[in-house]
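# Survey of secondary and tertiary structure
In case you want the letters, here they are:
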Protein chains: 2
Amino acid sequence: MSWPARVRLVEVGPRDGLQNESVPVPTERKIEFIEALAASGLRDVEVTSFVRPDRVPQLADARELFAALRRREGVRYWALVPNARGLETALECGVTHVAVFTAASEGFNRANVNSSVEESLARLKPVVADAIAAGATVRGYVSTVFGCPYDGPVDPARAASVSRVLLDAGCEELSLGDTIGVAAPPAVERVLAAHDAMGVPREKIALHFHDTRGMAVANVVAGLEAGITSFDASAGGLGGCPFAPGATGNVATEDLVWLFDESGVECGVSFAQVAEASGAIGEQLGRKLPSRARAAWAATRMRGTS
Amino acid sequence: MSWPARVRLVEVGPRDGLQNESVPVPTERKIEFIEALAASGLRDVEVTSFVRPDRVPQLADARELFAALRRREGVRYWALVPNARGLETALECGVTHVAVFTAASEGFNRANVNSSVEESLARLKPVVADAIAAGATVRGYVSTVFGCPYDGPVDPARAASVSRVLLDAGCEELSLGDTIGVAAPPAVERVLAAHDAMGVPREKIALHFHDTRGMAVANVVAGLEAGITSFDASAGGLGGCPFAPGATGNVATEDLVWLFDESGVECGVSFAQVAEASGAIGEQLGRKLPSRARAAWAATRMRGTS
């Protein structure tokens, strides 16, 4: 077993998590949440999305949020933008780290943004270029890399070709998403091999797993074994899956911090501080968050048993 | 990645799962559960325990259960026995597959059976011998292999020495238990290496993970990579952890069947049949069982999206 000595967690709870929660969270509570996450040692926090408020009402306060957020030195605050209009607003708000998104499958992309993947990529290229010209750093999300709720299996080579276009467009990093949580470790290997074949360097790849079927931590381990050092996660395991109501959302930040701590992999994040931040947002949402490491911590308030 | 082509699941839900559920289950419902599990393709089912009814009231009906159980050809029905008295009763009931147990740590063994590990092993040796003399097959559980709720970290060499004694006593298989769910993949490697050093063959080892901190599937993968082919699991993820109230129990059978199916590893078990069996017992217990693969299946009732 030869794992990286150090990894980077990209916290997506405030965006990917809260976007999939049915209970709205007041802007002030979101800001407290984001500030607590940044204080825990997380250096990348995706805080919101500049999409149409009627599409994602949970994140309709993106402007107010950025206006009020106190930024911490050394932390990258990311915002998702769907198009040129979203980018414009984001830049007006002082966003310096933007994420664009498309999918590896036609069915999902059509349902999500009502266009083909080719059309999406053509529309995103100038957005990425404009963002870079404005001095921003750009991350590219590729959804449904491991399977599509409409089209079923996805060819890893197809996913890699989408990644390649986003990389060539200027994205600093690609986040490969298992949107519906169907990946298992061998699929992670296949997808990474397809990216190798397409000339996408592994250091440009982040892995983004949903724990819908309980495989997310094992998939992160498969990524570690393949030398991947960036992983997306959401505090507490916030969020859900619109394609499997009642199922789990993103892999929990606490579960990955536990994994890294126990495995001697440095991630620079305080487990207890993330768990406290999740606790507050869970109370706000009125539900027990799915993170198992967090639940064990909350039950015992001690971690000295390993 | 070179994983075994075929693995064996040991279903422990009716025993390790139900023993840790607070709601009692009528004998008849247990029998339906066990028969449904055996019909799903599981070839090893641990059905109950012949311990003192005042210690584990949930399993006080062991005699009645064995008397009424219709056995399926080719299925091994296991029962846990703590001592000579338990073995005697089990044999009277026609049990042919018995499991004995001790721990790798003094603190846990003292709390569990009020004796040192050495004393336990000395007491178990004649029990194993008597069981074999009566024609039974014996499995040995070693608890707290990866950490103890009382003593903290456990030396892998100490755990391996306990395994070695049980193997020499005549156990056909050793089940190495992460009783409190603190293992991560590197610890799995360390424990298996210690067993190598102690001359315990890997084909004699089963791994028994609790998903208390969300690591269980990743730990099973670590086992697969090390060539282990037997894994304990409980349908639906039944059970809990007495040392972390509210935390998750055994790794869910459905989560492992999903992992194996998606990874091209044959396990001979029908996901849907196990999920149906768990559903019935979950209704009986009046709670949503923790298996994530099961929850996704129940939400979508389709598995064709990967």
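Rules used throughout
Residues numbered from 1 in each chain as written. Chains lettered and ligands numbered in written order. Predicted model: local features only at pLDDT ≥ 70, side-chain atom pairs only at ≥ 80, totals over all residues. Heavy atoms only, no water. 1 Å grid on protein atoms, 1.4 Å probe; cavity = no way out; pocket = protein on both sides within 12 Å on 5 of 7 lines; lining within 4 Å. Points joined across faces, edges and corners; volume = space filled by probe spheres on them. Helix = DSSP H or I, 4+ residues; strand = E, 2+ residues; numbered from the N terminus. Nonpolar A, V, L, I, M, F, W, Y, C, P; charged D, E, K, R; others polar. Buried < 20%, exposed > 50% of the residue type's maximum accessible area, 1.4 Å probe, protein only. Pairing = 2+ DSSP bridges. Axes fitted to C-alpha atoms, helices over the stretch in contact; angles between N-to-C directions. Contact = heavy atoms within 4.5 Å. Polar contact = N/O pair within 3.5 Å; in protein donor to acceptor, adjacent residues only side chain to side chain.

Under the defined criterion, the tally for this structure stands at three cavities of 30 Å³ or more. In this structure, the largest cavity spans a volume of roughly 80 Å³. Taken together, 13 residues line the largest cavity, and the ones lying closest to its centre are Asp-211, Gly-214 and Arg-292 of chain A together with Asp-211 and Gly-214 of chain B. Tallying contributions element by element places helix H9 (residues 216–225) of chain A first for the lining of the largest cavity, with three residues. Of the residues assigned to the lining of the largest cavity, the class counts are five nonpolar, two polar and six charged. Roughly 40 Å³ of internal volume is contained in the second largest cavity. Of the residues that constitute the lining of the second largest cavity, the class distribution is three nonpolar, four polar and three charged.

Moving on to the pairing of strand S2 (residues 44–49) of chain A. Residues and elements named next belong to chain A. In terms of residue burial, S2 counts as a mostly covered element, since six of its six residues are buried. Pairing of strand S1 (residues 8–11) with S2 involves two bridges; the strand directions are parallel. Across the sheet, residue Val-10 finds its bridge partner in S2, namely Asp-44. Pairing analysis gives five bridges linking S2 to strand S3 (residues 76–80), with the strands arranged parallel. Bridge pairing in S3 places Asp-44 opposite Arg-76.

On to the sheet that holds strand S4 (residues 97–103) of chain A, then. All names here are of chain A. Around the barrel, which closes on itself, the eight strands sit in the order S1-S2-S3-S4-S5-S6-S7-S8 with parallel pairing between neighbours. Averaged over all adjacent pairs, the angle separating strand axes in this sheet is 25°, with direction ignored. Relative to strand S5 (residues 137–143), S4 runs parallel, the two sharing seven bridges. Among the inter-strand pairings, Val-100 is bridged to a residue of S5, identified as Gly-140. Most of the contacts of helix H6 (residues 117–133) go to S4, to which it runs at about 170°, and overall it touches S4 and S5.

Residues and elements named next belong to chain A. Position of Asp-44 relative to the elements: it lies in strand S2. According to the relative accessible area criterion, Asp-44 is buried, its value standing at 0%. In the structure, Asp-44 is positioned 33 residues away from Glu-11 in sequence and 6.1 Å away in space, judged by C-alpha atoms. Polar side-chain contacts of Asp-44 include one of 2.9 Å to the side chain of Trp-78.

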